[in-house]
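Understanding the architecture of this molecule
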Number of protein chains: 2
Amino acid sequence: MKTSKPTILVVNDDGITAPGIKVLVDVMREIGHVVVVAPDSPQSGMGHAITIGKPLRLDKVDIYEGVEMYKCSGTPVDCVKLAVTKIFKGKKPDLCVSGINHGLNNSINVLYSGTMSAAVEGAIERIPSIGFSLDDYTWDADFSHCAKYIKQIALQVLQNGLQEGTLLNVNFPNGAHIKGIKICRQANAKWAEEFDERLDPYKRKYYWLSGVFQNNDLGEDTDVWALEHNYVSIVPVQFDLTAHHAIPVLNSWKFDV
Amino acid sequence: MKTSKPTILVVNDDGITAPGIKVLVDVMREIGHVVVVAPDSPQSGMGHAITIGKPLRLDKVDIYEGVEMYKCSGTPVDCVKLAVTKIFKGKKPDLCVSGINHGLNNSINVLYSGTMSAAVEGAIERIPSIGFSLDDYTWDADFSHCAKYIKQIALQVLQNGLQEGTLLNVNFPNGAHIKGIKICRQANAKWAEEFDERLDPYKRKYYWLSGVFQNNDLGEDTDVWALEHNYVSIVPVQFDLTAHHAIPVLNSWKFDV
């Protein structure tokens, strides 16, 4: 059995000064040796974007006393790649945690979320990885009810490991009245897009993305259901996107070439 | 049976002036009524990023004679969202095709690729969607051998439809000696990251992402195998990322909260 303290990489997408990452750092310090690598500016909605066409900066910063911290000019996924390559240098951390995101990343949001994409990148690097998000978009969100669950989930992952090619997507309801933890599947929901249409000071049109989250999935085994009923939702996520069930169907097609 | 010509949305991530999208537009014009909505600048590696923190521009342009075209200041996924909401206005196109990407999007690259993420967004919008990519990163890549396959695959999708929640990831080997089409699964491969470490004119360090694609998957049913053996690879892709097989394992964990 490993006796030394685990090494834990902490990332996020709201940026290194976000209150959510501080809560995550504080919980992780109770468990192991923490290294933070986070974007120097908000990167919400960046999904699995990586920076190819321009250089990246990675600078050590001294924000929380006693914690090794770096700010990165790139995306959340860039942060994980730089951490693994330039900070850990091949000696991978025992755990990668991302968040706590200011705002839910349940259901289809796993695709758009920089928080979850950072955790996915951790899993691709074969580091046990977890993304954490709270149902509160505000900067002064109250994360206090999340701490004990985060610690338990992290300890379970360190103890049991995760199946190869999988990671965890953990979402918290807002408010303190949590009934417990539910293991869920991703709800089949989507955003009904709307774009605010406005005129700039030069009378030229511009658009601003908004939208309404639409859940048409009536299952009681989904993350949307769990959160609506005040449970912490945990969805095991995979990054093999192959729709294996569709392969036989496509094999029956006749291509005339 | 529908007798009118299908309406086809064409998007990409290399930008509206990329040679690859012109080839795709030319093939689609043989099949249906084409509307192009593409980024006004290269957006490679943008994954499923969306633009939240700033406004978007969408401007009609006249590039290819007789084709309705719009350039967009956002990401490939933004292009699809704006197309559906502001151009098609609820009357969705019959097909969404993305590409042809300058560079492969096989295996794990489905996650990083703006080309594939645009197609995924099309599928989320319940539009039958296909991403096309060629194994040649250069701007003057030769796409001529791809055309007849693209037409056949698009016609098959229009005729047969796709299973709900799925889309197609089509990759072409470079060069004209194609042996045929293989339906594949995504190879279990990853990028071994490297970052070029350089000094700027002010002697400050910066990093530039590079890396080597590593395939450790020996299966002969993968897209990597098919492409290496000169086949066109088609992987059915899904956007439900739930690792369903991991749910029973997680349900056996004991959380002490």
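Rules and cut-offs
Sequence order as written defines the numbering, with residues in each chain counted from 1. Naming scheme: in the order in which they are written, chains are lettered from A and ligands are numbered from 1. In view of the model being predicted, local features appear only for residues whose pLDDT reaches at least 70, and side-chain atom pairs are presented and counted only at 80 or more, with totals across whole chains, interfaces and linings using the full set of residues. Derived side-chain values reflect all non-hydrogen atoms in the structure, with water molecules and hydrogen atoms excluded from consideration. Strands are treated as partners if at least two bridges between them are detected by DSSP. Only DSSP runs of H or I with at least four residues qualify as helices, and only runs of E with at least two residues qualify as strands; both kinds are numbered from the N terminus onward. Here an angle of 0 to 180 degrees is reported between the N-to-C directions of two axes, which are lines fitted to C-alpha atoms, with helices fitted over the stretch in contact. Contacts are residue-level and defined by heavy atoms, with any inter-residue pair within 4.5 Å sufficient. Copy-to-copy superposition: least squares on the C-alpha atoms, limited to residues that have pLDDT of at least 70 in both copies. Both site types are read off a 1 Å grid over the protein atoms alone. A 1.4 Å probe that fits but cannot get out defines a cavity, while an open set with protein on both sides within 12 Å along at least five of seven lines defines a pocket; lining residues have an atom within 4 Å of a point. Grid points are joined across faces, edges and corners, and a volume is the space filled by probe spheres set on the points. Residues are grouped as follows: nonpolar covers Ala, Val, Leu, Ile, Met, Phe, Trp, Tyr, Cys and Pro; charged covers Asp, Glu, Lys and Arg; every other residue, Gly included, is treated as polar. Given the number of residues in a helix, its expected span is that number minus one, multiplied by 1.5 Å. Residue burial is assigned from relative accessible area. The probe radius is 1.4 Å, only protein chains are included, and a residue is buried under 20% of its type maximum, exposed over 50%, and partly exposed in between. Whether two aromatic rings pair depends on their centres lying within 6.5 Å, for rings of Phe, Tyr and Trp, where Trp uses its six-membered ring; planes under 30 degrees apart make the pair stacked, over 60 edge-to-face, and the rest tilted. UniProt positions are given in the numbering used here, feature names are shortened, and annotations may be inferred rather than shown by experiment. Each angle gets one of four labels, with under 35 degrees taken as roughly parallel, over 145 as roughly antiparallel, 65 to 115 as roughly perpendicular, and the rest as oblique. Crossings are classed by handedness, with left-handed meaning an anticlockwise turn of the near helix from the far one by less than a right angle and right-handed meaning a clockwise turn. Only buried residues count toward a nonpolar core, which is a set of Ala, Val, Leu, Ile, Met, Phe, Trp, Tyr and Cys residues joined through side-chain atoms within 4.5 Å.

**Some thoughts on the sheet that holds strand β7 (residues 166-172) of chain A**
All names here are of chain A.
- An order of β3-β4-β2-β1-β5-β6-β7-β11-β8 is seen for the nine strands of this open sheet, with the pairing classed as mixed. A single partner strand is all that each edge strand has here, and the edge strands are β3 (58-61) and β8 (180-183). For this sheet, the mean inter-axis angle between neighbouring strands, taken without regard to orientation, is 25°.
- Strand direction decides the pairing type here: strand β6 (residues 129-134) and β7, joined by five bridges, are parallel. Its bridge partner lying in β7, G131 is registered against N169.

**Regarding the environment of I183 of chain A**
- Mapped onto the elements, I183 of chain A comes out in strand β8.
- It is 33 Å that separates the C-alpha atoms of I183 of chain A and Y64 of chain A, two residues lying 119 residues apart in sequence.
- Beyond its immediate stretch of four places on either side in the chain, I183 of chain A contacts I234 and P236 of chain A together with I247, L250, N251 and F255 of chain B.

**Some words on the relation of the copies chain A and chain B**
- Taken as rigid bodies, chain A and chain B are interconverted by a rotation of 180° and an axial shift of 0.0 Å, the fit giving an RMSD of 0.0 Å. In the structure described here, the two chain copies are related by an operation that fits a two-fold rotation axis.
- Mapped onto chain B, 100% of the interface residues of chain A are again interface residues, and the two copies thus contact each other with one and the same surface.

**Points about empty space enclosed by the protein**
- All told, the structure shown has two cavities of 30 Å³ or more when counted by the stated rule.
- Of the pockets and cavities examined, the largest cavity occupies roughly 110 Å³.
- If you go around the largest cavity, the residues you meet are H48, V110, L111, S117, V120 and L241 of chain A together with H48, V110, L111, S117, V120 and L241 of chain B.
- When residues of the lining of the largest cavity are traced back to their parent elements, those giving at least two are α3 (109-112) and α4 (114-124) of chain A together with α3 (109-112) and α4 (114-124) of chain B.
- For the lining of the largest cavity, the residue count by class is eight nonpolar, four polar and no charged.

**Some details on helix α5 (residues 147-160) of chain A**
Residue and element names in this part refer to chain A.
- Between its terminal C-alpha atoms α5 stretches 20 Å, which fits the 20 Å expected from 14 residues at 1.5 Å a residue.
- Along α5, the residues that are buried comprise Y149, I150, Q152, I153, A154, Q156 and V157.
- In this structure, the buried residues of α5 make contact with α1 (19-29), β5 (95-102), β6, β7, β8 and β11 (231-238).

**Quick look at the packing of aromatic side chains**
Residues and elements named next belong to chain A.
- Enumeration according to the criterion identifies 14 aromatic pairs over all chains in this entry.
- Ring centres of F132 and F172 lie 6.3 Å apart, and the angle between their planes is 20°; on these two criteria the pair is classed as stacked. Taken together, the residues span a long stretch of sequence, with F132 in strand β6 and F172 in strand β7 at a distance of 40 residues.
- A relative accessible area of 0% means that F132 is categorised as buried.
- Of the residues examined, F172 reaches a relative accessible area of 0% and is grouped as buried.

**A look at the UniProt feature "domain: Survival protein SurE-like phosphatase/nucleotidase" (unreviewed entry) in chain A**
- Per the UniProt annotation, the sites labelled "domain: Survival protein SurE-like phosphatase/nucleotidase" (unreviewed entry) are residues 8-192 of chain A.
- In residues 8-192 of chain A, helix accounts for 28% and strand for 26%; the two terminal C-alpha atoms are 37 Å from one another.

**Overview of the packing of helix α1 (residues 19-29) of chain B against helix α5 (residues 147-160) of chain B**
Residues and elements named next belong to chain B.
- In contact at an axis separation of 10 Å, α1 and α5 are set at 50° when each is read in the N-to-C sense. With respect to α5, the axis of α1 lies oblique. Judged by the twist between their axes, the crossing of α1 over α5 is right-handed. Along the contact surface, α1 presents L24, V27 and M28, while α5 presents A147, I150, K151 and A154.
- Residue composition of the contact of α1 with α5, by class: six nonpolar, no polar and one charged.

**Observations regarding the pairing of β11 of chain A**
Residue and element names in this part refer to chain A.
- The buried fraction of β11 is high, at eight of eight residues.
- Residues of β11 alternate between two faces, with Y231, S233, V235 and V237 on one and V232, I234, P236 and Q238 on the opposite face, all of them buried.
- In terms of strand pairing, β7 meets β11 through six bridges, oriented antiparallel. When the bridges of β11 are listed, L168 appears paired with P236.

**Quick word on the nonpolar core**
- In terms of nonpolar packing, the biggest core is built from 82 residues, with V37 of chain A together with V37 of chain B touching the most fellow members.
- The residues contacting V37 of chain B, other than those within four sequence positions of it, are L9, V10, V11, L58, Y70, C79, A83 and I87 of chain B.

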